[in-house]
Each structure stands twice: as structure tokens, then as C-alpha cells.
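Residue strings, one per chain:
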Amino acid sequence: MHRIDVKPFWRALPFGIAGLTLAFVLASSAGRAAAVFGPASWRALFVVVFVAMASLPWMVLSREGRRQIGLQRPRHPGWLALGLLLGALAASACYLLGATLYGASADNWFVSIARSYQLQPTGGWSLLRLHLTFTVIACLFSPIGEEIFFRGFLQKVLEDRHGRTGATVMEAALFALVHLCHHGILVGAAGVQVLPVSGALWVAQMFLLSLMFAWLRRRGDSVMPAIAAHAAFNAAMNGWIFARLWP
């Protein structure tokens with residue numbers, strides 16, 4: 001197995017690719033938390049984080065390195081179609097589980113995401129405009145940024161040290177845990193609130209979702225099927241939110 005191929009500049013640094021990756025994980029996680037828990041004016045940090053995730057391979061990796069992490073066409077276009085189908089089905093399963101267990105209460109993970117939308121300065125917008133705006137953003141920034149980083153860059157860096165299975169479990173666990181800021185840990189006027197049971201269920205779902213994305217990336221020999229699945233998940237999630245959970 002060939003180790004990830006980085007540009008010469010990064011090979012000369014004492015902390016190497018592992019140190020760079022750790023620093024990036026910490027910085028991007030902090031930026032994500034600040035975007036969620038900080039004032040509304042900080043929401044743009046989401047875009048910064050996702051753009052940084054998508055840009056990292058071009059800054060650090062050679063052309064061969066980018067190929068190694070899956071920045072290439074899938075081996076067959078059918079993997080893109082399968083990704084779209086599986087992503088939409090996964091979001092529907094998440095919705096049905098949350099609605100069955102928690103209805104429209106604060107313990108429903110999609111309710112938490114809906115409330116994060118409601119905090120945005122969008123007064124006077126029609127429901128259609130809200131739906132389209134949040135869905136276009138959700139289908140572009142996080143699927144591209146997160147899949148290139150988690151299923152591409154981070155997977156390969158970890159795989160070089162821990163093997164494919166260990167790397168997949170570790171990146172899936174990190175992906176799941178960073179999503180606690182979307183549901184599981186709430187910060188409001190009453191302070192910090194933890195939802196231990198529904199938060200744990202949400203993390204478990206994100207972990208399984210990440211494993212599905214990793215499987216699509218591996219079988220398709222490209223991150224593009226994982227991006228398609230992630231985008232379909234977010235699109236279907238917003239469909240359920242605006243159809244059934246929006247006040």
C-alpha cells in the first residue's frame with residue numbers, strides 16, 4: 001500500500017502529515033462549534049470550515065495524492081445513483097425513528113436542526129424560499145467539504161497508520177462526534193443542556209451513516225458517490241423538516 005503522496009514542502013516539516021491533520025481536525029472542530037454555539041453573525045464560519053476541508057487536498061497533496069484519496073471519477077456512474085438512493089433512504093429512516101420516539105419535541109434530532117435554521121435572520125421569507133435556500137446550502141458545502149476530508153483525506157492518513165478497518169472506524173467516530181453540536185448538546189438562554197439518550201442515538205446514526213459513505217467511497221473508488229449520498233441525505237432531511245416539522 002502506497003502512503004499518501006504529499007507535496008515536497010510538507011514532507012520537510014518536522015510534524016509531518018499526521019501533525020498537520022491533527023491541527024486541522026482541532027481547528028475545524030472549533031470553528032464548527034463556534035458557528036453553532038456562537039452568535040448568529042458567526043454562522044458563516046460553517047462555510048469557512050467546509051471550504052477549508054474541500055481545499056486541503058489541493059494545498060497539501062500532489063496529483064497522485066489526490067487520486068489516492070478518491071478525487072477522481074467513480075469506476076461506474078451507477079455508484080452515483082446508488083449513493084443518491086441510499087442517502088435519501090437513510091435520511092427518511094432517521095426522520096421516522098425520531099418522529100416515532102420523540103414526535104416534535106426537543107429530543108428529535110431533526111427538530112434541533114430545524115431550530116438552527118429558525119435562528120437565521122430570514123424574517124419575512126416564504127416557506128419555499130427558506131426550503132430552497134437551506135437545501136441548496138446543505139447540498140453543496142457540507143457534502144463536498146466533509147466527504148473530501150473525512151472519507152478522502154483523513155481516511156487515507158489514518159489508513160497509512162492503522163489499516164483500512166481501523167481508519168474507517170476512527171474517521172466515522174470523529175464524524176459522528178462533531179455532529180453533537182447539531183443535536184445532543186444545546187446552548188441557549190438557560191445555559192448548556194445535554195440530551196444524553198437522544199444525543200447518543202443521533203451519534204450512533206451519524207456513525208452508521210459515515211460507514212455507509214465510506215463503503216460507497218471504497219466500492220466506487222471515488223469520493224463522488226459519498227458526496228452524492230451525503231447531498232441526498234441533506235436534501236431528504238430538509239424535505240422532512242419543511243414538510244412535517246416546520247412550525
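See above for the structure.
Read on for a plain summary of the structure. Along each chain, the written sequence defines residue order, and numbers are assigned to residues from 1. Owing to the predicted nature of the model, reporting of local features is limited to residues with pLDDT of at least 70; listing and counting of side-chain atom pairs is limited to 80 or more, with chain, interface and lining totals taken over all residues. Values shown for side chains rest on all heavy atoms present in the structure; no hydrogens or waters enter the calculation.

Some details on the pattern of salt bridges
Selection criterion: Only one rule defines a salt bridge in this text: a Lys or Arg side-chain nitrogen within 4 Å of an Asp or Glu carboxyl oxygen. Numbering goes from the N terminus for both helices and strands, where a helix is a DSSP run of H or I of at least four residues and a strand is a run of E of at least two. For each residue, the accessible area found with a 1.4 Å probe, counting protein chains only, is set against the maximum for its type, and the residue is called buried under 20%, exposed over 50%, and partly exposed in between.
Scanning the entire structure with this criterion turns up six salt bridges. We note a salt bridge from glutamate 146 to arginine 32, for which the minimum N-O separation is 2.5 Å. Separated by 114 residues along the polypeptide, glutamate 146 in helix H7 (residues 127-178) and arginine 32 in helix H2 (residues 16-37) bring together distant segments of the chain. Taken individually, glutamate 146 and arginine 32 each receive the classification buried, so the pair is uniform in this respect. With a closest N to O distance of 3.0 Å, lysine 156 and aspartate 160 form a salt bridge. Of this pair, lysine 156 and aspartate 160 both sit in helix H7, four residues apart, which is roughly one turn of that helix. Of the two residues examined, lysine 156 and aspartate 160, each falls in the buried class. One connected set of salt bridges, linked through shared partners, spans Glu147, Arg151 and Glu171.

Comments concerning the environment of methionine 224
Worth spelling out the cut-off: Note on definitions: a residue-residue contact is assigned when non-hydrogen atoms from the two residues lie within 4.5 Å.
Tracing the backbone through its elements, the reader meets methionine 224 in helix H9 (residues 224-245). For methionine 224, a relative accessible area of 34% translates into the label partly exposed. Taking the C-alpha atoms as reference points, methionine 224 and leucine 201, separated by 23 residues in sequence, lie 27 Å from one another. Not counting residues up to four positions away in its chain, the partners in contact with methionine 224 are Gln72, Arg73, Pro74 and Leu80.

Considerations on the nonpolar core
Definition in use: For the purposes of this section, nonpolar cores are sets of buried Ala, Val, Leu, Ile, Met, Phe, Trp, Tyr and Cys residues that join through side-chain atoms within 4.5 Å.
One finds Phe110, Phe149, Phe153, Phe233 and Ile241 to be the most contacted residues of the largest nonpolar core, which totals 55 residues. Listed by contribution, the elements that provide at least two residues to this core are H2, helix H3 (45-60), helix H5 (78-102), helix H6 (109-118), H7, helix H8 (196-220) and H9. Residue contributions to this core peak at 12 residues, all from H7. If we skip the residues at most four places from it in the chain, phenylalanine 233 touches Gly87, Ala88, Ala90, Ala91, Cys94, Phe110, Met206 and Leu209.

Observations regarding the packing of H2 against H7
Pairs of packed helices are described in terms of their axes, by the angle between the two and the distance that separates them. Basically, it comes down to this: Where helices are involved, their axes are fitted lines through C-alpha atoms of the stretch in contact, as for all axes, and angles between N-to-C directions lie from 0 to 180°. Angles are sorted into four bins: roughly parallel if under 35 degrees, roughly antiparallel if over 145, roughly perpendicular if 65 to 115, and oblique for all others. By definition, turning the near helix anticlockwise from the far helix through less than a right angle yields a left-handed crossing, and turning it clockwise yields a right-handed one. We call Asp, Glu, Lys and Arg charged. Ala, Val, Leu, Ile, Met, Phe, Trp, Tyr, Cys and Pro are nonpolar, and the rest, Gly among them, are polar.
Here H2 crosses H7 at 15°, and the two axes come no closer than 11 Å. The orientation of H2 with respect to H7, classified from their angle, is roughly parallel. In the packing of H2 onto H7, the handedness of the crossing is left-handed. Residues Ile17, Ala18, Thr21, Phe24, Val25, Ser29 and Arg32 of H2 pack against Glu146, Phe149, Phe153, Leu154, Val157, Arg161, Leu174 and Val178 of H7. For the contact of H2 with H7, the residue count by class is 10 nonpolar, two polar and three charged.

A look at the layout of surface pockets
Here is the rule we go by: Buriedness for pockets is judged along seven lines, at least five of which must meet protein on both sides within 12 Å for an open set on the 1 Å grid over protein atoms alone, while cavities are sets there where a 1.4 Å probe fits but cannot get out, and lining residues have an atom within 4 Å of a point. Grid points are joined across faces, edges and corners, and a volume is the space filled by probe spheres set on the points.
Reported here for the largest pocket is a volume of approximately 1100 Å³. Lining of the largest pocket is provided by 42 residues; of these, Phe46, Ile113, Ser116, Tyr117 and His182 occupy positions nearest its centre. Those elements giving two or more residues to the lining of the largest pocket turn out to be H2, H3, H6, H7, strand E1 (185-188), H8 and H9. The leading source of residues in the lining of the largest pocket is H7, at eight residues. There is about 340 Å³ of room inside the second largest pocket.

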